[in-house]
Amino acid sequence: MAETVRVEEAYTERDETINAQGAVTEIEIPYLVFGVSDESAALAAAKPKVKSVRGMALESIETVERINGTTWKVKAVYEADEGGGESLTFQ
């Protein structure tokens, strides 16, 4: 029986970067992808599930590591929109 594909945020490993003025310029949000056997499938499963962050543009979705045969860690990387990044809202 095939494992169901699911994507869950890995809350303990979120990273934020601020500039010298204190504005958030980059956020990395990690996700765990379960039930896929390769890197391409992990990225495809994660893409529609990543959060949007107001004031930030999604720059990339990247694989971080393979946890086991069917589990991957990926991260969504966001960068501040031009003139944005000061007031962030996760959706």
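Criteria and cut-off values
Residues numbered from 1 in each chain as written. Predicted model: local features only at pLDDT ≥ 70, side-chain atom pairs only at ≥ 80, totals over all residues. Heavy atoms only, no water. Helix = DSSP H or I, 4+ residues; strand = E, 2+ residues; numbered from the N terminus. Buried < 20%, exposed > 50% of the residue type's maximum accessible area, 1.4 Å probe, protein only. Contact = heavy atoms within 4.5 Å. Areas by Shrake-Rupley, 256 points an atom, 1.4 Å probe, with all protein chains shown as cover. pLDDT = per-residue confidence, 0-100. Core = buried A, V, L, I, M, F, W, Y, C linked by side-chain atoms within 4.5 Å. Arc of directions from axis to C-beta. Polar contact = N/O pair within 3.5 Å; in protein donor to acceptor, adjacent residues only side chain to side chain.

Caption draft 1: Structural detail: the overall build of the protein chain. Per the secondary structure count, the protein chain includes one helix and seven strands. Reading the helices (α) and strands (β) of the protein chain from amino to carboxyl end gives β-β-β-α-β-β-β-β. Here the protein chain, with 91 residues, has 32% of them falling under the buried criterion. Residue pairs in contact within the protein chain that sit at least 24 positions apart in sequence constitute 62% of those at least 6 positions apart. Total accessible area on the protein chain is roughly 5600 Å²; 48% of this is exposed by carbon and sulfur atoms.

Caption draft 2: Structural detail: the confidence of the model for the protein chain. Within the protein chain, residue pLDDT values average 88, and 87% of them lie at 70 or more. The least confident element of the protein chain, judged by mean pLDDT, is strand β7 (residues 89-90) at 53; the most confident is helix α1 (residues 39-46) at 96.

Caption draft 3: Summary view of the nonpolar core. In terms of nonpolar packing, the biggest core is built from 17 residues, with I27, V33 and Y78 touching the most fellow members. Listing elements by their share of this core, those giving two or more residues are β3 (24-34), α1, β5 (56-68) and β6 (71-80). For this core, the element with the most residues is β3, which contributes five residues. Filtering out sequence-adjacent residues up to four positions away, Y78 remains in contact with T25, E26, I27, I29, V50, K51, S52, V53, M56, A57, L58 and E59.

Caption draft 4: Layout of the side chain of E28. Of note, E28 is situated in strand β3. Residues contacting E28, with those up to four places away along its chain left out, are E13, R14, D15, K75, A76 and V77.

Caption draft 5: A look at α1. Taken together, the buried positions of α1 are A42, A45 and A46. Around the axis of α1, the buried residues are gathered within 95° of arc, so they sit on the same side. Every exposed residue of α1 that faces more than 90 degrees away from the buried side is listed here: S40 and A44. Here the buried face of α1 lies against β1 (6-9), β3, β5 and β6. Here α1 starts with a cap whose side-chain oxygen sits 3.2 Å from the backbone nitrogen of S40, and that cap is D38.

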